[in-house]
Amino acid sequence: MLGSPSAWDTARIQLENAVRHLGLDDGLHDLLRMPRRAITVSVPLMRDDGHLLVLSGYRVQHNLARGPAKGGIRFHPSTDLDEVKALAMWMTWKCALMGIPYGGAKGGIAVDPRLLSLSERERMTRRYAAELVPLIGPEKDIPAPDVGTDEQTMAWIMDTYSTHTGYTAPGVVTGKPLSIGGSAGRAGATSRGVQLVAFAALAEHGLDPYDVTVAVQGFGKVGALAAQYLHDAGARIVAVSDVKGGVYNPQGLNPAALLRRVQRGGDTVVGHPGTDTITNAELLELDVDLLVPAALEGVITATNADRIKARMIVEGANGPISADADPILDGNGVVVVPDILANGGGVAVSYFEWVQDIQAYFWTEDQVNDRLCDIMKRAYGEVSALATERGVSLRAAAHIIGVARVADAHRTRGLYP
Ligand code: GLU
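Residues numbered from 1 in each chain as written. Predicted model: local features only at pLDDT ≥ 70, side-chain atom pairs only at ≥ 80, totals over all residues. Heavy atoms only, no water.

A word on the sheet that holds strand β3 (residues 69-75)
Spelled out, the test is: The pairing criterion is simple: DSSP has to find at least two bridges between the two strands. A run of H or I in DSSP becomes a helix once it reaches four residues, and a run of E becomes a strand once it reaches two; helices and strands are each numbered from the N terminus. Note on definitions: angles span 0 to 180 degrees between N-to-C directions of axes, and those axes are lines fitted to C-alpha atoms, for helices only across the stretch in contact.
Spatially, five strands are ordered β1-β2-β4-β3-β5 in an open sheet, and the strand pairing comes out mixed. Each having just a single partner strand, β1 (37-46) and β5 (141-145) make up the two edges of the open sheet. The average undirected angle you get between the axes of adjacent strands in this sheet is 20°. Bridge count for β3 against strand β4 (residues 104-109) is three bridges, and the pairing is parallel.

Right, dumping it as structure tokens:
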């Protein structure tokens, strides 16, 4: 392994650790590590200017032992098969930990969607979805948004799938617009879960949640609303950032004003009145109580882990801390609330959306949020109790619970043939 561990290296190291704690044998370990199905598809896209661009797309169904595969689709230039394998594996443990009846999956296209027009994005998404038609479906594999994709992307996938099958199948994707079977509360669910878990963890570790300073890296779908909900709940947001850089004000930022700025077409938070400009690297190393990395994986590695001053890190993103950074943070007493717990609110409400679609009976936003709150508190309580009981980190405990549930499903189902 040269340099910092990749997402796939990190995911395998985390699994190894859980397997060791659970005393699972090598065969079961192999079964839990290897993706059940992984496909690569070519996605030919006719650009608006008439030239043909052929992109690489992926879908990995990591594990199906507990139910249909579930997980997002990302459009990002650095997406490749290994990254998607790691993200799919994390979905498996996340769904098991959240106690929802799914396996894990992830998909993506190696592309920068910001460089495409709206109609190019639509053609690319529909062609990719058409390639996945044999694999996905409400009882087989249910995609959702992730980095670089949104409600509109899900609407195109739902429409493409439904057109191919000949009937409307809202349950084939989650994170859809409300008008076609989306769920109230889905858009903010990941961020709401981050806030709930962060407050539970802060209180448990002797930090007053109403008197903490917070830095949020990534001001996208997860980070922007996490900043908003943490602020609304009483925390002081002192820094946020996006791909272009960050803004800092030790007196506190107003996330709603920053959100309005980006929603009105401002392409970055940088330059917001009353703030100092900082880099993403500086944001990660700020002296704050709580750091929420909510962008991409591998932003905290052995290279910068020693410089992290936050007392607690709550992982809004998947895999923002690579495996070589975890022991350093542990050694420095930084409490890490791991991704599969911290951002599990998104897939929890995806599950609620799928349940509503299947029943064709929809819940109010309060019902969704109350049930989300129950799931997050239960999952946090289970992880925290096991971490204390075994004397391990919250990450190790979360993986032990998730992996044990999947291993148990394999044992109970037995092996075919
Ligand atoms: N992409 C999100 C995640 O990483 C949501 C997945 C889903 O709702 O299926 O958890």
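Past the structure itself, the notes keep going.
Quick look at helix α7 (residues 221-233)
Put simply, the test is: Multiply 1.5 Å by the residue count of a helix minus one, and that product is the helix's expected span. Residue exposure (1.4 Å probe, protein chains only): buried if accessible area is under 20% of the type maximum, exposed if over 50%, otherwise partly exposed. Contacts were defined at the residue level, with two residues in contact if any of their heavy atoms lie within 4.5 Å.
Taking 1.5 Å per residue, 13 residues should reach 18 Å; α7 reaches 18 Å between its end C-alpha atoms and fits that length. If you check which residues of α7 are buried, you get V222, G223, A224, A226, A227, Q228, Y229 and L230. In this fold, the buried residues of α7 make contact with α6 (189-204), β6 (213-217), β7 (236-242), α8 (255-263) and β10 (290-293). Backbone geometry just after α7 places G234 at a positive phi near 120°.

A short note on the packing of aromatic side chains
Put simply, the test is: In summary, the pairing rule links any two rings of Phe, Tyr or Trp, Trp by its six-membered ring, whose centres are within 6.5 Å, and it sorts them by plane angle into stacked for under 30 degrees, edge-to-face for over 60 and tilted for everything else. Remark: a charge is flagged as sitting over a ring if the NZ atom of Lys or the CZ atom of Arg is within 6 Å of the ring centre and within 35 degrees of the ring normal.
Counted according to the given criterion, the structure contains six aromatic pairs. Relative to F352, the ring of Y351 lies with its centre 6.0 Å away and its plane at 45°, an arrangement referred to as tilted. Centre to centre, the rings of F352 and W363 are 5.2 Å apart; their planes meet at 45°, and the pair counts as tilted. One end of the pair, F352, is in helix α12 (residues 344-359); the other, W363, is in the loop between α12 and α13 (365-390), and 11 residues separate them in sequence. Exposure remark for F352: the relative accessible area of 5% places this residue in the buried category. An aromatic cluster of at least three residues, connected via ring pairs, comprises Y102, Y351, F352, W354 and W363. Geometry around Y229 places R192 over its ring, the cationic atom sitting 4.3 Å from the centre. The lysine or arginine in question, R371, covers the ring of W363, its NZ or CZ lying 4.1 Å from the ring centre.

These figures come from the coordinates and say nothing about function on their own.
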